[in-house]
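Per-entry structural report
Spelled out from the first residue to the last, the chains are:
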Amino acid sequence: MKQWIMPALLAAALTGGGAQAGEINPAANPLLADKWQSRPLIMVTPSADNPDYERMRGIIETQRDAFNDREMVLYTVENGDGSKDGQALTEIETDALLDALGVNARGPLTTVLVGKDGGKKVQQEGFVDPRQLFDTIDNMPMRRARQ
């Protein structure tokens, strides 16, 4: 009878068997893969029709070379649906992303700039001119050392 206890406990530990439904797995956060590789810009909006969000997206598209030159990647969460550079994130990844940033998908338009070190550099609600974010990056020590 005791023979099955250890394998069962091991299996539960490896599969997260002790986790409650609805718990967020921090390891699912897609930002972890970006650390030291890129500078994530995360835009969270309850509606893709938000005029400030649309305006920000338009500026990013017209400034795509500047965006790419700064080794940035764009995450969006529109009405709870996440994506990274246009590729859909899973619900688990989106939840982990929002949890790590402390942002509510149903809250106001929120923009977060994360540095290559994984730390938040800017978090602001409402319209944020992406060109201001470029200036913020250009003043970072890691970026200045590269220029």
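Scroll up to find the structure this text is about.
Quick summary incoming for the structure in this document.

Calculation criteria
- Residues numbered from 1 in each chain as written.
- Predicted model: local features only at pLDDT ≥ 70, side-chain atom pairs only at ≥ 80, totals over all residues.
- Heavy atoms only, no water.
- Helix = DSSP H or I, 4+ residues; strand = E, 2+ residues; numbered from the N terminus.
- Buried < 20%, exposed > 50% of the residue type's maximum accessible area, 1.4 Å probe, protein only.
- Polar contact = N/O pair within 3.5 Å; in protein donor to acceptor, adjacent residues only side chain to side chain.
- Contact = heavy atoms within 4.5 Å.
- Salt bridge = Lys/Arg side-chain N within 4 Å of Asp/Glu carboxyl O.
- Pairing = 2+ DSSP bridges.

1. So, the side chain of Asn29
Along the chain, Asn29 turns up in the loop between helix H1 (5–15) and helix H2 (31–34). Classification of Asn29 by relative accessible area gives buried; the value is 9%. Of the polar contacts made by the side chain of Asn29, one reaches the backbone nitrogen of Leu31; its length is 2.9 Å. In this structure Asn29 touches Ala96, Leu97 and Ala100, once residues within four positions along its chain are discounted.

2. Re the environment of Glu93
Tracing the backbone through its elements, the reader meets Glu93 in helix H5 (residues 91–101). Of the residues examined, Glu93 reaches a relative accessible area of 25% and is grouped as partly exposed. Distance in space between the C-alpha atoms of Glu93 and Ile24 is 9.0 Å, their sequence separation being 69 residues. Apart from residues no more than four positions distant in its own chain, Glu93 is found in contact with Ala28 and Pro30.

3. Some remarks on the pattern of salt bridges
One pass over the full model with this rule turns up eight salt bridges. The salt bridge involving Glu71 is made with Arg39; its shortest N-O contact spans 3.9 Å. Taken as a pair, Glu71 in the loop between helix H4 (64–69) and strand E2 (72–78) and Arg39 in strand E1 (residues 39–45) lie far apart in primary sequence, 32 residues in all. Of the residues examined, Glu71 reaches a relative accessible area of 29% and is grouped as partly exposed. For Glu61, the salt bridge is made with Arg64, and the minimal N-O distance between the two is 2.9 Å.

4. A look at the pairing of E1
Among the seven residues of E1, seven are classified as buried, and the element is accordingly described as predominantly covered. Across seven bridges, E1 lies against E2 in parallel orientation. Counterpart to Pro40 in the pairing with E2 is Val73. Direction of pairing for E1 relative to strand E5 (residues 110–114): antiparallel, over a ladder of four bridges. The residue bridging Val44 from the neighbouring strand is Thr110, located in E5.

5. Observations regarding the side chain of Ser83
Mapped onto the fold, Ser83 is located in strand E3 (residues 81–84). Judged by its relative accessible area of 15%, Ser83 is buried. Here the side chain of Ser83 touches Thr76 through a polar contact of 2.7 Å, side chain to side chain. In contact with Ser83, not counting residues within four places along its chain, are Leu74, Tyr75, Thr76, Ala88 and Leu89.

6. Quick look at H5
All of the buried residues in H5 are Thr94, Ala96, Leu97, Leu98 and Leu101. At the exit of H5 stands Gly102, carrying a positive phi of roughly 70°.

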